[in-house]
There are 2 protein chains.
Amino acid sequence: MEAHEAQFLYDRVANLIAGMIEGGTLRAGDRAPSLRALSSRLGVSLSTVMQAYTALEARGFLEAKPQSGFYVRPRPRSELALPSPARSGSNPRTVRVGGVVDTILAASQQPHMVPLAVAMPDSALLPVKALNRCLARVLSRQPNASIDYCFPPGAEALRRQIALRSAPLGGEVHADDVVITSGATEALAVSLSAVTSAGNVVAVESPVYYLLLQLFERLGLRILEIGTHPELGMNLDALEAAVDRNDVKAVVSVGNFHNPLGSRMPPEHKARLVALLASREIPLIEDDIYGDLHFGDERPELARRFDREGLVLTCSSVSKTLAPGYRVGWVLPGRFHTAVLHAKQVASSATTSATQLAVAEFLAEGGYDRHLRRLRRAYQSQLEQMREAVAASFPQGTRVSRPQGGFVLWVELPGAMDSVRLYEQAREAGVSVMPGTLFSSSGRFRSFLRLSAGHLWDRRSELAIATLGRLAHGLLQGH
Amino acid sequence: MEAHEAQFLYDRVANLIAGMIEGGTLRAGDRAPSLRALSSRLGVSLSTVMQAYTALEARGFLEAKPQSGFYVRPRPRSELALPSPARSGSNPRTVRVGGVVDTILAASQQPHMVPLAVAMPDSALLPVKALNRCLARVLSRQPNASIDYCFPPGAEALRRQIALRSAPLGGEVHADDVVITSGATEALAVSLSAVTSAGNVVAVESPVYYLLLQLFERLGLRILEIGTHPELGMNLDALEAAVDRNDVKAVVSVGNFHNPLGSRMPPEHKARLVALLASREIPLIEDDIYGDLHFGDERPELARRFDREGLVLTCSSVSKTLAPGYRVGWVLPGRFHTAVLHAKQVASSATTSATQLAVAEFLAEGGYDRHLRRLRRAYQSQLEQMREAVAASFPQGTRVSRPQGGFVLWVELPGAMDSVRLYEQAREAGVSVMPGTLFSSSGRFRSFLRLSAGHLWDRRSELAIATLGRLAHGLLQGH
């Protein structure tokens, strides 16, 4: 079945059931129609119904009971609709970002600002003591190791730990398959350098993380922005059409908890994506930096799992889960190992030795999974509180993403409101946000905002969202 | 006076005095002709004579006695001639380095190899304990600071220390003028990114450090290799002719202890270089990574000192003096501050927090200068022993640089010997060296070698040089 059709059917199933609940046909506690019944009644596959139900569960409409089926949950508190999926651009665009992002980043780092702009974990949520203990232990046990160069591909002890954690998610991975970088930013930069040249066309999800846009600009790449569903990720029909029409040299995808959408690409879509690109020999750069921050029970797989050709380059780091300031990231570069290693060598040569060894130590100790469980609960609850606060104070018609992981919200403002003006007014009021224009090369998200819920939710955050709501009401009334 | 003429006169003075000593006219203990007398006798400026005498002192012919003048020293043990200065290329060349350097670097890192290839300080020479103590103190005093992002331009405490040390050498420098990078490699990469675009022409000293060649290749820059004197640095007449003939967009210079020559560009040359480029609005990227490792009494100035236009970008790091594995480097980007900050943001965003703070702490404590004195003595003695060993075992006709700082030697082999074959045979014998071909885009240094004397000199080093000498003799005899 074509993915376009699949997505259409998925939306149809989800909307049908959501409508039955909202219209009162199905009430709290009722059992939803069985998968099999619905599948045969609507003539769609079981897996499509399953996807729709899983999404409805994430939205708070349904809950799954083991061995029994799906049941209607008590009415969810927030009833905000999802943002509209972006349409796909049809022609490659030259990227011009300029210094806007730098200005916004600099402003958002002022200490008096409520920091809702940068996607940064609150250090209160991170295992600061345990990590610093690991680092101190490295210094005393191997005093020279922290002083000496640790040249690419990086510390073997760390590469082994990364391989151990990646293999269950991404197929066979050995320590020798890992190249350590200075954070995920450098991982993406060297991966793009390794597989593209200036002037090439790259396809990417829309909206797209502003740092990727900056990278595309720096490398002289032209981009095709592919429409992306707020729950299912990249529209693969649109991608297929795009790679058929254009000489696309690489695809960049944040399949697991897309930034800023929070969408999760289902495994079948990842498999289709990889197959689609394999048949055309197009490399896929997957950014998995948010992958460990899933709100569902299962850690989502990597697209790399479906790769038989070595065409997938997986990038990640510990910056959203352990220690942003350690600058420990990596690439699993598949068949592009030599090129990625070379690009890393030229970009910054060695990576900091002591923090690599400290992360290896921390991962080997085994406390990472326990930490992640706590961290995921915290992010989920912070996001939920932020969504509720947006629902309570933003104008009617505001639409908000329902992230399935990570810690950012994507907000669509009503009435074609100008988020750049909202950003400016918010900055004056001491609240830093990211206007949606930063997430496209075409200015298409002018009425969107990205909000980070990485910081502990407190009275200050509440007031900040209320301030944003008040400003948005003002803009809607033409102030 | 034209620099070409000045260089010619300088060589004439130096050769005259060296000839008088070698011919026996001047003997050990004799006072050399006074500066003033020689200046008026030869009709050259006092400063030219002074430069020639300083160089003869560095070569071991003369020694200066305070308030008295220059005296002939006992015959220096090694009598190796200096390598021939390279001629300047006349047309911009596209750089093709490929993976050769990566292969050589990887091979040289095998633990059984005597490491004469990579310019890497021996950790036995570095203040490992004091640095690790600073790092541990940072962790316990500011536990969150090492975990949190430290975004560009980097930690204020470190930028202040760098400004304090740079100002006496490079004119006014404030903490706000400093951008921290992940080592000098990244400093050079972001500086080049900030002032050039693919296809541009850049002028650089010849021979040129292989990492710069890799960077030029990666950025798609074409280069003009400018002949460089083994003691005085870049030939400025050749540079002037080159910038007159070509649309040169930037010049890269390692004025203080050039890698691999060990030359030091005199202050008047730096002043002329800066003025030459200022009148044409061409940025100068100066790499000062070896500047603190001077064997003369005075720390050489930066070219930046002569800059009135903000056109000089100074790059450096602590990788050759304190801690290669800390990955702490910086740029003083002059008028290109915004562009360099942006390039750094896109290349790898934040730099490791803990090691920045540890270096700031170490510099603030005040032990750096004492450490440097010891380190310079060690490098100088290691280089001297290596030169003696080369003199003792390499074939007659071998020429060797006389570094005025740093810790690498540049060796010219006799009889157009192929250093790539020597490199290969040495690798088989367990000795890693850098063949001269890596130091040009034109293959012109095929009969040169770079040897690093960064490691403590011991019996193993002695045997390694003897092995190289034996192999060189073999190659000369056609084996």
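Fair warning: this is a prediction, and the values are worked out from it, not measured in the lab.

Asker: Mind showing me how you'd approach the overall build of chain A here?
Answerer: Helix and strand counts for chain A stand at 15 helices and 17 strands. The C-alpha radius of gyration of chain A comes to 22 Å, within 12% of the 23 Å expected for a compact globule of 479 residues. Judged by the C-alpha coordinates and their principal axes, chain A covers about 70 × 50 × 45 Å. Counting across all 479 residues of chain A, residues that qualify as buried make up 56%. Excluding contacts between residues fewer than 6 apart, the proportion of contacts in chain A whose partners are at least 24 apart in sequence is 76%.

Asker: Looking at this model, I keep getting lost on the packing of helix α14 (residues 419–428) of chain A against helix α15 (residues 459–476) of chain A. Mind explaining?
Answerer: To describe two helices that pack against each other, one gives the angle between their axes and the distance between the axes. All names here are of chain A. Following both chains from N to C, one finds α14 and α15 inclined at 135 degrees, their axes separated by 10 Å at the closest point. Of the possible angle classes, the one that applies to α14 and α15 is oblique. Two packed elements cross with a definite hand, and for α14 against α15 that hand is right-handed. Across from Arg421, Leu422, Gln425 and Ala426 in α14, the residues of α15 making contact are Thr467, Leu468, Leu471, Ala472 and Leu475. Broken down by class, the residue content of the contact of α14 with α15 amounts to six nonpolar, two polar and one charged.

Asker: So what exactly am I meant to see when it comes to the domain arrangement of chain A here?
Answerer: Interfaces are often sized by the amount of accessible area the parts lose when they come together. Residues and elements named next belong to chain A. Each assigned domain of chain A is listed with its residue range as follows: domain 1 (3–72), domain 2 (97–123 + 370–476) and domain 3 (128–366). Opposite the 28 residues of domain 2 that make contact, domain 3 presents 28 residues. Residue assignment for the side of domain 2 that touches domain 3 shows that the elements contributing at least two residues are α13 (368–393) and β14 (408–412). It is α13 that contributes the most residues to the side of domain 2 that touches domain 3, five residues altogether. Residue classes in the side of domain 2 that touches domain 3 are distributed as 15 nonpolar, ten polar and three charged.

Asker: Looking at this structure, I do not really get the sheet that holds strand β13 (residues 399–400) of chain B. What am I missing?
Answerer: As a general point, the strands of a sheet are linked pairwise by backbone hydrogen bonds and lie either parallel or antiparallel. Residue and element names in this part refer to chain B. Spatially, the four strands line up as an open sheet ordered β13-β14-β17-β16, and their pairing is antiparallel. At either margin of the open sheet sits one strand with a lone partner, and together these are β13 and β16 (434–435). The pairing of β16 with strand β17 (residues 448–452) spans two bridges and is antiparallel. Bridge pairing links Pro435 to Leu449 in β17.

Asker: Can you help me understand the interface of chain B and chain A in this one?
Answerer: Facing 52 residues of chain B, the contacting portion of chain A comprises 52 residues. Looking at the side of chain B that touches chain A, the elements with two or more residues in it are α4 (100–108), α5 (128–141), α7 (183–195), α8 (210–219), α11 (337–348) and α12 (353–365) of chain B. When grouped by side-chain class, the residues that make up the side of chain B that touches chain A number 24 nonpolar, 22 polar and six charged.

Asker: Would you mind going over the relation of the copies chain B and chain A with me for this structure?
Answerer: Superposition of the two copies of the chain requires a rotation about an axis and a shift along the axis. Of the transformation placing chain B onto chain A, the axial shift is 0.1 Å and the rotation is 180 degrees, giving an RMSD of 0.1 Å. The transformation relating the two chain copies, once decomposed into turn and shift, fits a two-fold axis. When C-alpha distances to the rotation axis are compared across chain B, the minimum falls at Ala136 of chain B, with a value of 3.1 Å. A high fraction, 100%, of the interface residues of chain B reappear at the interface in chain A, so the copies pair face to face through one surface.

Asker: How should the environment of Cys134 of chain B be read in this particular structure?
Answerer: Residue position: Cys134 of chain B is located in helix α5. The spacing of Cys134 of chain B and Ser47 of chain B is 87 residues in sequence and 44 Å in space, taken between C-alpha atoms.

Asker: Honestly, α12 of chain B in this entry has me stumped. Any pointers?
Answerer: Count 3.6 residues to each turn of an α-helix, and residues three or four apart come out pointing the same way. Between its terminal C-alpha atoms α12 of chain B stretches 19 Å, which fits the 18 Å expected from 13 residues at 1.5 Å a residue. Counting buried residues along α12 of chain B, eleven of its 13 residues qualify, which places the element largely inside the surrounding structure. Here α12 of chain B has its buried residues at Ser353, Ala354, Thr355, Gln356, Leu357, Ala358, Val359, Ala360, Glu361, Phe362 and Leu363 of chain B. In the core, the buried residues of α12 of chain B are packed alongside α12 (353–365) of chain A together with α5, α6 (156–170), β5 (179–181) and α13 (368–393) of chain B. Downstream of α12 of chain B by a residue or two, Gly366 of chain B has a phi angle that is positive, lying close to 95 degrees.

Asker: What's the story with the pairing of strand β1 (residues 62–65) of chain A in this structure? I'm lost.
Answerer: On any regular strand, side chains alternate: one points to one face of the sheet, the next to the other face. All names here are of chain A. As judged from the four bridges shared by β1 and strand β2 (residues 69–72), these two strands associate in the antiparallel manner. Counted as the bridge partner of Leu62 is Val72 from β2. Adjacent in sequence and paired antiparallel, β1 and β2 are bridged by three residues, among which Gln67 carries a positive phi angle near 60 degrees.

Cut-offs used in this document
Residues numbered from 1 in each chain as written. Chains lettered and ligands numbered in written order. Predicted model: local features only at pLDDT ≥ 70, side-chain atom pairs only at ≥ 80, totals over all residues. Helix = DSSP H or I, 4+ residues; strand = E, 2+ residues; numbered from the N terminus. Rg over C-alpha atoms; globule rule 2.2 N^0.38 Å. Buried ≥ 20, exposed ≤ 12 C-beta atoms within 10 Å, placed from the backbone. Contact = placed C-beta atoms within 7 Å. Axes fitted to C-alpha atoms, helices over the stretch in contact; angles between N-to-C directions. Parallel < 35°, antiparallel > 145°, perpendicular 65-115°, else oblique. Left-handed = near helix turned anticlockwise from the far one by under 90°. Nonpolar A, V, L, I, M, F, W, Y, C, P; charged D, E, K, R; others polar. Domains from an automatic or database assignment. Pairing = 2+ DSSP bridges. Least-squares fit on C-alpha atoms with pLDDT ≥ 70 in both. Expected span 1.5 Å × (residues − 1).

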